[in-house]
Amino acid sequence: MQSALSPGGPEAALLGQLAWVLFIGAALIFVFVMALAAVAVFSRPRAIDGERWIVGGGLVFPVTVLSVLLVYAYRTGASIADVGVPGALQIEVIGRLWWWEVRYRNPDGSQTVLANELRVPVGRPVELFLTSDDVIHSFWLPALAGKLDMIPGHVNRLVFSADRPGIHRGQCAEYCGRQHAFMAFYVIAEDPADFERWLARESRPAVPPSDPFLREGLEAFMRGGCGTCHTIRGTQADGRLGPDLTHIGSRRSLGAGVLDNHVGTIAGWIADTQTIKPGSLMPETRVFSGRELRAVAAYLDSLE
Ligand code: CUA
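Calculation rules
- Residues numbered from 1 in each chain as written.
- Predicted model: local features only at pLDDT ≥ 70, side-chain atom pairs only at ≥ 80, totals over all residues.
- Heavy atoms only, no water.
- 1 Å grid on protein atoms, 1.4 Å probe; cavity = no way out; pocket = protein on both sides within 12 Å on 5 of 7 lines; lining within 4 Å.
- Points joined across faces, edges and corners; volume = space filled by probe spheres on them.
- Helix = DSSP H or I, 4+ residues; strand = E, 2+ residues; numbered from the N terminus.
- Buried < 20%, exposed > 50% of the residue type's maximum accessible area, 1.4 Å probe, protein only.
- Patch = residues over 30% accessible without salt bridge, like charges linked within 9 Å, V, L, I, M, F, W, Y side chains within 5 Å.
- Areas by Shrake-Rupley, 256 points an atom, 1.4 Å probe, with all protein chains shown as cover.
- Salt bridge = Lys/Arg side-chain N within 4 Å of Asp/Glu carboxyl O.

Considering the layout of surface pockets
Empty space within the largest pocket amounts to approximately 730 Å³. Around the largest pocket sit 36 residues that line it, and His230, Gly242, Pro243, Trp269 and Met282 are the ones nearest its centre. Every element with two or more residues in the lining of the largest pocket is listed here: strand 11 (253-254), helix 5 (263-276) and helix 6 (290-301). A total of three residues in the lining of the largest pocket trace back to one element, the largest contributor, which is helix 5.

Description of unusual backbone geometry
Note the cis peptide between Leu97 and Trp98, where omega equals -10 degrees. When you line up the elements, Trp98 lands in the loop between strand 1 (89-96) and strand 2 (99-105). If you check the backbone angles, Asn116 has positive phi at about 65 degrees while not being a glycine. As for its placement among the helices and strands, Asn116 is situated in the loop between strand 3 (111-115) and strand 4 (117-121). The residue Ala256 is not glycine, and still its phi comes out positive at about 60 degrees. As for its placement among the helices and strands, Ala256 is situated in the loop between strand 11 and strand 12 (259-260). On the accessibility criterion, Ala256 (0% relative accessible area) is buried.

Overview of a nonpolar patch on the surface
A contiguous nonpolar surface patch, about 810 Å² in accessible area, is contributed by Phe30, Val31, Phe32, Val33, Met34, Leu36, Ile48 and Trp53. Examining the composition of the nonpolar patch, we find that six residues originate from one element, helix 1 (residues 10-42), more than from any other. In this structure, Phe30 sits in helix 1. For Phe30, a relative accessible area of 53% gives the class exposed.

From the geometry alone we can't say anything about function, so treat these as descriptive.
Okay, structure coming up:
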């Protein structure tokens with residue numbers, strides 16, 4: 001769900017409430033002003049006290065309404081900008097052209113790196129450290145966290161929590177170039193036990209393939225030069241330019257939300273990146289034979 005009007009956590013609920021208060025308040029005032037306009041148009045002309053209307057309707061009323069709204073919106077913003085929460089799960093999210101690098105800060109100082117997807121435990125606060133590696137992006141996760149800019153050389157912090165399991169979509173909300181519209185991500189809120197199991201698995205290196213076809217895929221992947229840009233922990237692939245692929249088979253989407261993730265779309269993406277996401281920094285990799293392409297796709301799909 002990607003909507004500020006269906007909040008999945010307490011911070012998003014406050015933002016949702018703010019949106020409704022603003023919307024309903026604006027609607028009531030609009031109706032009131034239109035009613036006054038109708039009276040002015042359709043009633044007989046008569047003498048009115050113009051000064052009272054101008055001072056009351058043009059000065060006192062807007063100043064009062066806007067002041068109350070300002071205080072309310074400021075207090076809502078302050079209560080959800082409460083960073084430095086003890087016990088929060090800490091995740092760095094780095095905006096890239098046009099995908100998201102995700103780094104879990106583990107208690108032992110290590111990091112678990114993945115891309116375009118976050119998993120969070122229900123009920124525990126999550127503190128995001130948002131920055132960018134190139135241009136300004138904006139992290140927008142309306143159902144859980146609202147929106148915050150990602151600025152090169154600067155870290156913005158955002159705290160949210162999910163109060164029930166669910167899958168939420170987010171996307172970049174600041175125009176950042178040609179594929180801005182295809183810069184999406186998913187946040188999966190799940191039970192704490194499921195989350196811990198997932199994080200433990202995600203932190204492990206990739207399992208070396210035992211199946212001969214998958215081994216062929218790994219060999220073709222290395223021979224094709226994919227490891228120059230991508231990391232698969234546990235193999236010699238240690239590139240940093242593109243997404244970490246160590247557990248790519250467990251992710252929901254490819255190309256930051258462009259395609260569902262399965263063996264067919266992986267093959268299509270490798271062969272035809274520039275048709276699927278023109279301008280993407282991943283070049284088309286036309287070095288594989290049909291069989292090699294199928295083997296590489298099957299190998300990547302097996303990395304769960
Ligand atoms: Cu990144 Cu728009």
